[in-house]
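Chain and residue survey
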Amino acid sequence: MRPYRPDDEPLVRELVDADRLPGQPRCTTERLAAARSGLVPPVGWEVSARPRISVLAGDGDCPEGVIAYLSWADVRTGVICWVHAREEPPALRALIGHALAALAHCPMIEAFVGGPPGPLGPGGLPRARRGATHDALLRSGFTGRRQGCYLYCALSAELPPARVVAEVVSCDFPPGQRLIVRHGAEPVAEAVIGVGPEATATVYWIETRPTHRHRGLGHELLGQALALLAEQGATEVALVVDDPPHAGDDSQAAPRLFDSFGFTLVDQLWTYQSRHPGVPRPAQ
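Residues numbered from 1 in each chain as written. Predicted model: local features only at pLDDT ≥ 70, side-chain atom pairs only at ≥ 80, totals over all residues. Heavy atoms only, no water.

1. Regarding the pairing of strand 13 (residues 264–274)
For clarity, the threshold we go by: By this definition, two strands are paired if DSSP reports at least two bridges between them. Strands here are runs of E lasting at least two residues and helices are runs of H or I lasting at least four, both read from the DSSP assignment and numbered beginning at the N terminus.
With three bridges joining them, strand 5 (residues 108–111) and strand 13 adopt antiparallel strand pairing. Counterpart to Glu-110 in the pairing with strand 13 is Gln-273. Here two bridges tie strand 6 (residues 125–126) to strand 13, and the two strands are oriented antiparallel to one another. Pairing of Leu-125 across the sheet is with Trp-270, part of strand 13. Pairing geometry for strand 7 (residues 143–154) and strand 13, over nine bridges, is antiparallel. Note on strand 13: the bridge partner recorded for Gly-148 is Leu-269.

Structural data, given as structure tokens:
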């Protein structure tokens with residue numbers, strides 16, 4: 001195990017791409033650099049440094065696995081940001097064990113903290129497609145829970161024009177556009193979208209205020225958003241649907257909405273936590 005070096009980049013990018021999901025662009029120099037910059041800290045939190053990136057080297061000192069991890073400076077919480085090793089269990093256990101040893105001063109360590117699709121992935125861990133990583137985390141003392149789902153849709157270049165219901169403004173973070181539906185001067189529905197490399201796109205956010213739900217507004221807003229993405233050259237779009245904290249009458253509204261536009265489930269997304277990290281459990 002050794003620190004990441006600049007000359008590792010080509011093989012590390014191959015490791016990342018081996019775990020790429022539909023709708024995600026390939027790992028480029030720029031995307032890897034963005035991932036190396038780390039997570040955006042929550043308001044009021046301080047991160048100690050950029051993520052530490054370690055490589056598991058094999059024959060010829062070539063990377064066979066890579067892991068990125070960091071710790072927040074003021075809350076003593078560690079984070080395993082991402083790990084890739086072509087789903088090889090021994091390599092994954094070695095990488096995770098290395099990160100746990102480096103973060104041993106943290107009373108709590110999280111892994112694959114959820115969020116919208118980022119430079120190298122969807123935020124959470126795709127549970128089915130990356131079953132070996134899931135198992136390696138559990139063997140290392142983590143507990144996991146489902147946080148949502150990753151959905152994918154192929155966009156047709158001949159997507160019919162949608163009814164314009166929202167004003168469109170540029171958005172810096174995440175980079176893209178914000179669509180806002182207003183009732184008078186009051187915003188009542190909103191979506192945030194962005195087009196990335198290789199004709200891929202992301203729906204980062206879509207929401208209708210409770211007072212204006214069940215009127216078809218979400219359907220019209222998503223229709224306008226997808227038509228706008230298609231106009232900008234996108235042929236694939238992905239999104240993450242978070243699990244609702246409490247099941248209710250509206251818990252199936254989002255799945256029905258996305259299904260009506262042809263989105264399909266790619267995988268469940270999981271996140272992990274270890275409150276008393278220690279020596280990784282031996283393989284059984």
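The discussion continues.
2. Topic: empty space enclosed by the protein
For the record, the criterion: Put plainly, a pocket is an open set of points on a 1 Å grid over the protein atoms alone with protein on both sides within 12 Å along at least five of seven lines, a cavity is a set where a 1.4 Å probe fits but cannot get out, and a lining residue has an atom within 4 Å of a point. Grid points are joined across faces, edges and corners, and a volume is the space filled by probe spheres set on the points. Classification used: nonpolar for Ala, Val, Leu, Ile, Met, Phe, Trp, Tyr, Cys and Pro, charged for Asp, Glu, Lys and Arg, polar for all others including Gly.
Within this structure, the stated rule accounts for one cavity of 30 Å³ or more. If you trace the largest cavity, you find 12 residues lining it, with Val-16, Arg-20, Gln-24, Pro-25 and Leu-120 closest to the centre. The residue inventory of the lining of the largest cavity, partitioned by class, reads five nonpolar, two polar and five charged.

3. Observations concerning helix 4 (residues 131–139)
For the record, the criterion: Per-residue accessibility, obtained with a 1.4 Å probe over protein chains only, is compared with the maximum for each type, and a residue is labelled buried under 20%, exposed over 50%, and partly exposed between these values. Any two residues whose heavy atoms approach within 4.5 Å are treated as being in contact.
Where helix 4 is concerned, the buried positions are Gly-131, Ala-132, Thr-133, His-134, Ala-136 and Leu-137. In the core, the buried residues of helix 4 are packed alongside strand 4 (77–84), helix 3 (89–102), strand 5, strand 6 and strand 13. The first or second residue beyond helix 4 is Gly-141, which carries a positive phi of 100°.

4. Structural notes on the environment of Leu-226
The topology assignment puts Leu-226 in helix 5 (residues 217–231). Looking at Leu-226, the relative accessible area reads 2%, which means it is buried. Remark: the alpha-carbon pair of Leu-226 and Val-203, spanning 23 residues in sequence, is separated by 8.7 Å.

5. Thoughts on the pairing of strand 11 (residues 200–208)
Using the following cut-off: Classification remark: right-handed applies to a crossover when, strands pointing away from the viewer, the course from the first strand over the helix to the second runs clockwise.
Note that strand 10 (residues 186–195) and strand 11 share seven bridges and pair antiparallel. Across the sheet, Val-195 pairs through a bridge with Ala-201, a residue of strand 11. Hairpin connection between strand 10 and strand 11: a loop of four residues separates the two successive antiparallel strands, and Glu-198 in this loop has a positive phi of roughly 55°. You can see the chain leave strand 11, run along helix 5 and come back into strand 12 (residues 236–242), and the turn it takes is right-handed.

6. Some words on the packing of aromatic side chains
What counts is decided by this rule: Between 30 and 60 degrees the pair is tilted, below 30 it is stacked and above 60 it is edge-to-face, where a pair is any two Phe, Tyr or Trp rings, Trp via its six-membered ring, whose centres lie within 6.5 Å. By the criterion adopted, a ring carries a charge over it if an Arg CZ or a Lys NZ lies within 6 Å of its centre and within 35 degrees of its normal.
Counted according to the given criterion, the structure contains two aromatic pairs. Judged by centre distance (5.7 Å) and plane angle (70°), the rings of Phe-258 and Phe-263 are edge-to-face. Here Phe-258 matches Phe-263 in class, with each residue buried. Against the face of Trp-270 rests Arg-127, its NZ or CZ located 5.7 Å from the ring centre.

7. Comments concerning the pattern of salt bridges
Operational definition: By definition here, a salt bridge exists when the distance from a side-chain nitrogen of Lys or Arg to a carboxyl oxygen of Asp or Glu is within 4 Å.
Tallying each qualifying case throughout the model produces 15 salt bridges. A salt bridge links Arg-178 to Glu-190; the nearest nitrogen and oxygen atoms lie 2.7 Å apart. Here Arg-178, found in strand 9 (residues 176–183), pairs with Glu-190, found in strand 10; they are 12 residues apart in sequence, far enough to count as distant. Given the relative accessible area of 24%, Glu-190 is considered partly exposed. Several salt bridges share partner residues, and in doing so they unite Arg-2, Arg-5, Asp-7, Asp-8 and Asp-61 into one network.

8. Here we look at the nonpolar core
Our working rule: Only buried residues count toward a nonpolar core, which is a set of Ala, Val, Leu, Ile, Met, Phe, Trp, Tyr and Cys residues joined through side-chain atoms within 4.5 Å.
Judged by nonpolar contacts, the single largest core of 28 residues is most densely connected at Leu-179, Leu-221, Leu-226, Leu-229, Val-237, Phe-258 and Phe-263. Elements with a contribution of two residues or more to this core: strand 7, strand 9, strand 10, strand 11, helix 5, strand 12 and helix 6 (253–260). It is helix 5 that provides the largest number of residues to this core, a total of seven residues. Dropping the residues within four chain positions of it, Leu-229 is found in contact with Leu-155, Ile-193, Gly-194, Val-195, Ala-201, Val-203, Ala-234 and Val-237. Counting residues in each nonpolar core, the second largest holds 24 residues, with Ile-67, Leu-92, Leu-137 and Tyr-272 among its members.

9. Section: unusual backbone geometry
The residue after Phe-173, namely Pro-174, is reached through a cis peptide bond having omega -5°. Note on placement: Pro-174 falls in the loop between strand 8 (167–171) and strand 9. The backbone of Phe-112 shows a phi angle near 55°, a positive value even though the residue is not glycine. Of note in this structure, His-214 is not a glycine but carries a positive phi near 65°. Of note, His-214 is situated in the loop between strand 11 and helix 5. Here His-214 falls in the exposed class, since its relative accessible area comes to 71%.

None of this, on its own, says anything about what the molecule does.
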